[in-house]
Amino acid sequence: MPHTDIRPHVMALLFDTDFNRPADSLVFRHLDGRLFTEEEQAIVHNATIEELQAAGVYVHNPTAEAEAAAAAHELAELLFKYVIPHHEVLIPFMTHEDVLEYDRLATIVAAGADSTPPHED
């Protein structure tokens with residue numbers, strides 16, 4: 001189970017952290033330039049994703065990224081379920097260029113859907 005408690009002492013340290021450290025430095029600094037102690041370094045390195053995000057730090061989260069990509073795919077499929085059969089409703093809202101692009105892409109999709117895959121022995 002993920003740790004979701006936000007610890008005040010961690011937050012206080014995170015808000016006093018200069019995350020723009022030099023590329024050659026492995027040690028964080030306080031906003032006033034003082035180097036972190038070993039204990040402070042350990043606290044920042046053990047901060048949870050929730051704590052880092054609450055402090056406004058960008059955290060690359062591959063799980064959230066994968067979930068977002070899957071949700072975007074599901075959303076597109078849901079929209080296509082209604083858009084494809086009723087695309088004429090969208091035409092008044094589309095630019096001329098978008099209508100041409102829609103027609104071009106729809107032709108490619110239809111051609112691919114109608115083709116049969118090569119026979120493999």
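Look a little higher up for the structure.
The structure reproduced in this document is the subject of the present report. (Residues numbered from 1 in each chain as written. Predicted model: local features only at pLDDT ≥ 70, side-chain atom pairs only at ≥ 80, totals over all residues. Heavy atoms only, no water.)

**So, the overall build of the protein chain**
Argument step 1. Looking only at helices and strands, the protein chain has 5 helices and 2 strands in total.
Argument step 2. Ordered by position from the N terminus, the helices and strands of the protein chain form the series α-β-β-α-α-α-α.
Argument step 3. Considering the protein chain as a whole, with its 121 residues, one finds that 17% of them fall into the buried category.
Argument step 4. Summed over its atoms, the accessible surface of the protein chain is roughly 9,600 Å², and 62% of this surface lies on carbon and sulfur atoms. (Helix = DSSP H or I, 4+ residues; strand = E, 2+ residues; numbered from the N terminus. Buried < 20%, exposed > 50% of the residue type's maximum accessible area, 1.4 Å probe, protein only. Areas by Shrake-Rupley, 256 points an atom, 1.4 Å probe, with all protein chains shown as cover.)

**Brief notes about a nonpolar patch on the surface**
Argument step 1. A cluster of nonpolar side chains, contributed by Leu75, Leu78, Leu79, Phe80, Tyr82 and Ile84, occupies part of the molecular surface with about 630 Å² of accessible area.
Argument step 2. In this fold, Ile84 is placed in the loop between helix H4 (62–83) and helix H5 (96–114). (Patch = residues over 30% accessible without salt bridge, like charges linked within 9 Å, V, L, I, M, F, W, Y side chains within 5 Å. Salt bridge = Lys/Arg side-chain N within 4 Å of Asp/Glu carboxyl O.)

**Some details on the pattern of salt bridges**
Argument step 1. Applying the stated rule across the entire model yields 4 salt bridges.
Argument step 2. With a closest N to O distance of 2.7 Å, Arg7 and Glu51 form a salt bridge. In this pair, Arg7 is assigned in the segment before helix H1 (8–15) and Glu51 in helix H3 (residues 49–54), connecting sequence segments 44 residues apart.

**Re the nonpolar core**
Argument step 1. Counting residues in hydrophobic clusters, the biggest one holds 12 residues: Val10, Met11, Leu13, Leu14, Phe28, Phe36, Val44, Ala47, Leu52, Ala55, Val57 and Val59.
Argument step 2. Per-element tally for this core: the top contributor is H1, with 4 residues.
Argument step 3. Leave out the neighbours within four places in its chain, and Val44 touches Leu13, Leu14, Thr17, Phe19, Phe28 and Phe36. (Core = buried A, V, L, I, M, F, W, Y, C linked by side-chain atoms within 4.5 Å. Contact = heavy atoms within 4.5 Å.)

**Some thoughts on the packing of aromatic side chains**
Argument step 1. All chains considered together, the criterion is met by 2 aromatic pairs.
Argument step 2. Seen in terms of ring centroids, Phe19 and Phe28 are 5.5 Å apart; in terms of plane orientation they differ by 70°. Their pairing is edge-to-face.
Argument step 3. Residue Phe19 is classed as partly exposed on the basis of its relative accessible area of 29%.
Argument step 4. Looking at Phe28, the relative accessible area reads 9%, which means it is buried.
Argument step 5. Relative to Phe36, the ring of Phe28 lies with its centre 6.1 Å away and its plane at 45°, an arrangement referred to as tilted. Across this residue pair, the class does not change: Phe28 and Phe36 are buried.
Argument step 6. Pairwise contacts between aromatic rings join Phe19, Phe28 and Phe36 into one cluster. (Phe/Tyr/Trp six-rings, centres within 6.5 Å; stacked < 30°, edge-to-face > 60°.)

**Considering the side chain of Gln41**
Argument step 1. When you line up the elements, Gln41 lands in helix H2 (residues 38–45).
Argument step 2. With relative accessibility at 11%, the residue Gln41 sits in the buried group.
Argument step 3. A distance of 3.2 Å separates a polar side-chain atom of Gln41 from the backbone oxygen of Leu26.
Argument step 4. At 2.7 Å, the side chain of Gln41 forms a polar contact with the backbone nitrogen of Phe28.
Argument step 5. Not counting residues up to four positions away in its chain, the partners in contact with Gln41 are Leu26, Val27, Phe28 and Phe36. (Polar contact = N/O pair within 3.5 Å; in protein donor to acceptor, adjacent residues only side chain to side chain.)

**Regarding H2**
Argument step 1. Every buried residue of H2 is listed here: Glu40, Gln41 and Val44. The arc that holds every buried residue of H2, seen down its axis, measures 105°, which confines them to one face. Exposed and oriented more than 90 degrees from the buried face of H2 are Glu38 and Glu39.
Argument step 2. If you follow the buried residues of H2, they end up packed against H1, strand S1 (17–18) and strand S2 (29–30). (Arc of directions from axis to C-beta.)

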